[in-house]
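Coordinates in review
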Amino acid sequence: MKELQEEVSAVGQGRPMILEKDLKKMQYLKATIKETLRLYPPLPLLIPREPTQDVKLMGYDIPMGTQTIINAWAIGRDPTLWEEPEKFWPERFLNSSTDYKGLHFELLPFGSGRRGCPGIQFAIAIYELALANVIYKFDLALPNGVKGKDLDMSETVSSITLNKKSPLLVMATSRF
Ligand code: HEM
């Protein structure tokens, strides 16, 4: 959080708002969003697919028409793909070309291929702009002396989306 706020403050320089043109200077913000999407993909099982022909994949025979589910949540936490996969560690993306646009199969929050998410650019622009401005304008703290390490980060799936099991309570104090 400290690194994120320092980066956003350095770019904002006391101006009233962070604008879209500022975002390209915020590498830590982008890494933080990637790390969040790795650990908590909003559609953890993407959308089911059916192969249009018989496929042999990694030794498995998948007949045409089989409902196939891709577990992006599990891929994002696979210890053969990620160092310390359970750790929230945005720095892993700072000097890495890995992104979520569907070409790096270890990070698939928006799926991949011709049925991949067409809303990706819009979603990312909104995520970046909203997060940058919240962090820029407010100091955030947990209420009642709760420490970050004690926060309940357990998850649940309702319908097809991933949700936090218990609500996140945060105190926001205006910075200026
Ligand atoms: C953080 C936000 C979002 C996430 C994580 C997300 C994720 C996904 C995923 C995983 C898929 C299935 C891809 C696949 O099976 O390969 C999908 C499909 C889709 N998304 Fe998104 N999405 C987001 C935002 C949006 C937005 C903002 C829009 C529209 C403005 C959108 C429109 C669609 C549509 C229309 C499809 C179906 C594409 C098709 O079947 O051809 N999504 N999305």
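Bear in mind that the values here come from a model prediction, so they are computed numbers and not experimental data.

Conventions and cut-offs
Throughout this document, residue positions are counted from 1 along each chain, in the order its sequence is written. Only residues with pLDDT of at least 70 get local features here, since the model is predicted, and only at 80 or more are side-chain atom pairs given and counted; chain-wide, interface and lining totals rely on the full set of residues. Calculation of side-chain values draws on the structure's entire complement of heavy atoms; hydrogens and water are dropped beforehand. UniProt positions are given in the numbering used here, feature names are shortened, and annotations may be inferred rather than shown by experiment. Only DSSP runs of H or I covering at least 4 residues are called helices, and only runs of E covering at least 2 are called strands; the numbering of each starts at the N terminus. Each residue's exposure class comes from its accessible area (1.4 Å probe, protein chains only) as a fraction of the maximum for that residue type: buried when under 20%, exposed when over 50%, partly exposed otherwise. Here an axis means a line fitted to C-alpha atoms, over the contact stretch when the element is a helix, while the angle between two N-to-C directions is reported on a 0 to 180 degree scale. Left-handed describes a crossing whose near helix is turned anticlockwise from the far helix by less than a right angle; the clockwise case is right-handed. Contact definition: two residues touch when any of their heavy atoms are within 4.5 Å. The residue classification treats Ala, Val, Leu, Ile, Met, Phe, Trp, Tyr, Cys and Pro as nonpolar and Asp, Glu, Lys and Arg as charged. All others, Gly included, are polar. We call two directions roughly parallel when the angle between them is under 35 degrees, roughly antiparallel when it is over 145, roughly perpendicular when it lies between 65 and 115, and oblique otherwise. The rule for a residue being near a molecule or strand is that one of its heavy atoms must lie within 4 Å of it. Here a polar contact is recorded for every N or O atom pair within 3.5 Å, except that within protein the pair must consist of a potential hydrogen donor and a potential acceptor, and residues adjacent in sequence are included only if both atoms are side-chain atoms. Side-chain atoms within 4.5 Å are what join buried Ala, Val, Leu, Ile, Met, Phe, Trp, Tyr and Cys residues into a set we call a nonpolar core.

What follows deals with the UniProt feature "binding site: heme" (unreviewed entry) in the protein chain. The residues that UniProt annotates with the feature "binding site: heme" (unreviewed entry) are Cys117. Relative to the helices and strands, Cys117 is located in the loop between helix 3 (72–76) and helix 4 (120–137). Cys117 sits in the partly exposed class, given a relative accessible area of 35%.

One can describe the packing of helix 2 (residues 27–39) onto helix 4 by two numbers: an axis separation of 10 Å at closest approach and a directional angle of 115°. Seen from above, helix 2 lies across helix 4 with right-handed handedness. Counted together, Leu29, Lys30, Ile33 and Leu37 of helix 2 and Ile124, Tyr127, Glu128, Leu131 and Ala132 of helix 4 form the full contact between these two elements. Tallied by class, the residues present in the contact of helix 2 with helix 4 amount to 7 nonpolar, no polar and 2 charged.

Below, the discussion takes up the packing of helix 1 (residues 2–12) against helix 4. With their axes 9 Å apart at the nearest point, helix 1 and helix 4 run at an angle of 90° to one another. Relative to helix 4, the element helix 1 lies roughly perpendicular. Seen from helix 1, the contacting residues are Leu4, Gln5, Val8, Ser9 and Gly12; seen from helix 4, they are Leu131, Ala132, Ile135 and Tyr136. The residue inventory of the contact of helix 1 with helix 4, partitioned by class, reads 6 nonpolar, 3 polar and no charged.

Among the 17 residues in the neighbourhood of the ligand, the closest are listed as Arg49, Ser112, Arg115, Cys117 and Tyr127. Ser112 places a main-chain nitrogen or oxygen 3.1 Å from an oxygen atom of the ligand. Contacts to the ligand include Arg115, whose side-chain N or O atom sits 2.7 Å from an oxygen atom. Residues that form the shell around the ligand fall into these classes: 11 nonpolar, 4 polar and 2 charged.

Moving on, we get to the nonpolar core. Formed by 21 residues in total, the largest nonpolar core has its most connected members in Ile18, Met26, Leu29, Tyr100 and Ile124. Setting aside residues up to four positions removed in sequence, Ile124 forms contacts with Ile33, Leu37, Tyr100 and Phe110.

The next subject is unusual backbone geometry. A positive phi angle, near 45°, is found at Gln13, a position not held by glycine. Note on placement: Gln13 falls in the loop between helix 1 and helix 2. Residue Met58 is not a glycine yet carries a positive backbone phi of 50°. Mapped onto the fold, Met58 is located in the loop between strand 1 (55–57) and strand 2 (60–62). On the basis of relative accessible area, Met58 is assigned to the exposed category, the value being 79%.

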